[in-house]
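# Coordinate inspection notes
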Amino acid sequence: MGFAITLAGATRNAQIFLGNQNDTVSRIICVIMPHNVILAWTEPMTAISMLVVSIDRLISIVKPILYYKKMLNIQHYLIAGSNLSILLLISASALCSYLNNVKVHSFCWTPNSRCPIFNRIFYGTRISAATGSVILYIVTLFIVRQYSKRIKEQQNSGSVKINKRQLNFTKTVGLSCFATAGLYVLPMIVAFYETSDEIIPNSVYSIIVIISFLNSFSKTIIVGCRSHEIREAVIDLMPGAFRM
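Fair warning: this is a prediction, and the values are worked out from it, not measured in the lab.

## Some remarks on the overall build of the protein
Counting its regular elements, the protein contains ten helices and two strands. Counting helices and strands in the order they occur from the N terminus, the protein gives α-β-α-α-α-α-β-α-α-α-α-α. Burial analysis of the protein (244 residues in total) assigns 37% to the buried set. In the structure as shown, the protein presents an accessible area of about 14,100 Å², 69% of it carried by carbon and sulfur atoms.

Structure, rendered in structure tokens:
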């Protein structure tokens, strides 16, 4: 997603340099622009992937034996299902853009490359998936806490240590989910209601993209500060960057 936005920025800077910033193009041209092709996939997938991880996490807690036996199958089904749903959504959106091939600004903002109804569907999908991931993690955290209490009562030191790490990881992901709610879900809700019958205002779209980027930074900070294992793994992968 970051690469696509960088590519889009470079393309628009080139248009400004060439003096083409006020031109118009057909909507279908915007659909096939490389950055829009990538963003059409990655924008909804960002939220859906969070939902997939939430579902995977919940299954591992509720049905641990089944998850242990068929972990790869479950993950493959979740990944395949999410990608198939995005493929169908993008195909329908591209068909609608082809059938309603109006003129739009040559900057080809991603929302302007879609029919208005699909802008709402895309934003609705992102809102629903991100909200669902937060709700599922709250449920998962509640289940893990209940399980932790039972483990403590049994006084099994090995299980207590493992479960403590499990609970800490779940709390970390929970904090990440709440950051997502503030820095991802809320901007998407604003975009959903700001989408007019024509196109979403360019200024609104730009602000939403910037705020959404903060969501990624917040997750990096939360996971890096709370998860010792992940932090050490990153340092081991890039020793030159962290150990001067």
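Still more to cover.
## Re the packing of helix 3 (residues 34–62) against helix 5 (residues 71–99)
At their nearest, the axes of helix 3 and helix 5 sit 10 Å apart, and the two run at 155° to each other. Compared by their axis directions, helix 3 and helix 5 come out roughly antiparallel. Considering how the two elements wind past one another, helix 3 and helix 5 form a crossing that is right-handed. Residue-level inspection shows Ala40, Trp41, Pro44, Met45, Ile48, Val52, Ile55, Asp56 and Ile59 of helix 3 in contact with helix 5, the latter providing Ile74, Gln75, Leu78, Ser82, Asn83, Ser85, Ile86, Leu87 and Ile90. Of the residues contributing to the contact of helix 3 with helix 5, the split by class is 13 nonpolar, four polar and one charged.

## Brief notes about the nonpolar core
Ala47, Ile48, Phe118, Ala130 and Tyr184 are the most contacted members of the largest nonpolar core, which totals 23 residues. Within the residue set of this core, elements represented by two or more residues are helix 3, helix 5, helix 6 (116–154) and helix 7 (157–194). Setting aside residues up to four positions removed in sequence, Ile48 forms contacts with Ser82, Ser85, Ile86, Thr125 and Ala129.

## Focus on the UniProt feature "transmembrane region" (unreviewed entry) in the protein
Residues given the UniProt feature "transmembrane region" (unreviewed entry) here are residues 77–101, 121–144, 173–193 and 199–217. Spanning residues 77–101, this segment combines 92% helix with 0% strand, and its end C-alpha atoms are found 36 Å apart. Taken end to end, residues 121–144 has its terminal C-alpha atoms 34 Å apart, with 100% of it in helix and 0% in strand.

## Remarks on the packing of aromatic side chains
Here a ring pair, both rings aromatic, is described through the centre-centre distance and the interplanar angle of the planes. The full count for this structure, using the stated rule, is zero aromatic pairs. Geometry around Phe122 places Arg114 over its ring, the cationic atom sitting 3.8 Å from the centre.

## Looking at the state of the cysteines
Taken as a whole and assessed by the stated rule, the structure comprises two disulfides. Here Cys30 pairs with Cys108 through a disulfide, and the sulfurs are 2.1 Å apart. For the disulfide bridge between Cys30 and Cys108, the dihedral angle about the S-S bond is near -70°, and by the sign convention the bridge is left-handed. In this pair, Cys30 is assigned in helix 2 (residues 27–31) and Cys108 in the loop between strand 2 (103–105) and helix 6, connecting sequence segments 78 residues apart. By relative accessible area, Cys30 is classed as buried at 0%. Taking relative accessible area as the criterion, Cys108 reaches 2% and is therefore assigned buried. The side chain of Cys96 participates in a disulfide bridge whose partner is Cys115; the two sulfur atoms lie 2.1 Å from each other.

## As for a nonpolar patch on the surface
Taken together, the side chains of Trp41, Leu84, Leu87 and Leu88 make up a nonpolar region of the molecular surface, amounting to roughly 380 Å² of accessible area. If you tally residues by element for the nonpolar patch, the top one is helix 5, at three residues. Tracing the chain through its elements places Leu87 in helix 5. Leu87 gets classed as partly exposed once you look at its relative accessible area, which sits at 39%.

## Regarding helix 5
For helix 5, spanning 29 residues, the distance from its first C-alpha to its last is 43 Å, which sits close to the expected 42 Å at 1.5 Å a residue. Three or more residues of helix 5 are buried, namely Ile74, Leu78, Ser82, Ile86, Leu89, Ile90, Ser93, Cys96 and Ser97.

Rules used in this analysis
- Residues numbered from 1 in each chain as written.
- Predicted model: local features only at pLDDT ≥ 70, side-chain atom pairs only at ≥ 80, totals over all residues.
- Heavy atoms only, no water.
- Helix = DSSP H or I, 4+ residues; strand = E, 2+ residues; numbered from the N terminus.
- Buried < 20%, exposed > 50% of the residue type's maximum accessible area, 1.4 Å probe, protein only.
- Areas by Shrake-Rupley, 256 points an atom, 1.4 Å probe, with all protein chains shown as cover.
- Axes fitted to C-alpha atoms, helices over the stretch in contact; angles between N-to-C directions.
- Parallel < 35°, antiparallel > 145°, perpendicular 65-115°, else oblique.
- Left-handed = near helix turned anticlockwise from the far one by under 90°.
- Contact = heavy atoms within 4.5 Å.
- Nonpolar A, V, L, I, M, F, W, Y, C, P; charged D, E, K, R; others polar.
- Core = buried A, V, L, I, M, F, W, Y, C linked by side-chain atoms within 4.5 Å.
- UniProt positions renumbered as here; feature names shortened; annotations may be inferred.
- Phe/Tyr/Trp six-rings, centres within 6.5 Å; stacked < 30°, edge-to-face > 60°.
- Lys NZ or Arg CZ within 6 Å of the ring centre and 35° of its normal.
- Disulfide = S-S within 2.5 Å.
- Patch = residues over 30% accessible without salt bridge, like charges linked within 9 Å, V, L, I, M, F, W, Y side chains within 5 Å.
- Salt bridge = Lys/Arg side-chain N within 4 Å of Asp/Glu carboxyl O.
- Expected span 1.5 Å × (residues − 1).

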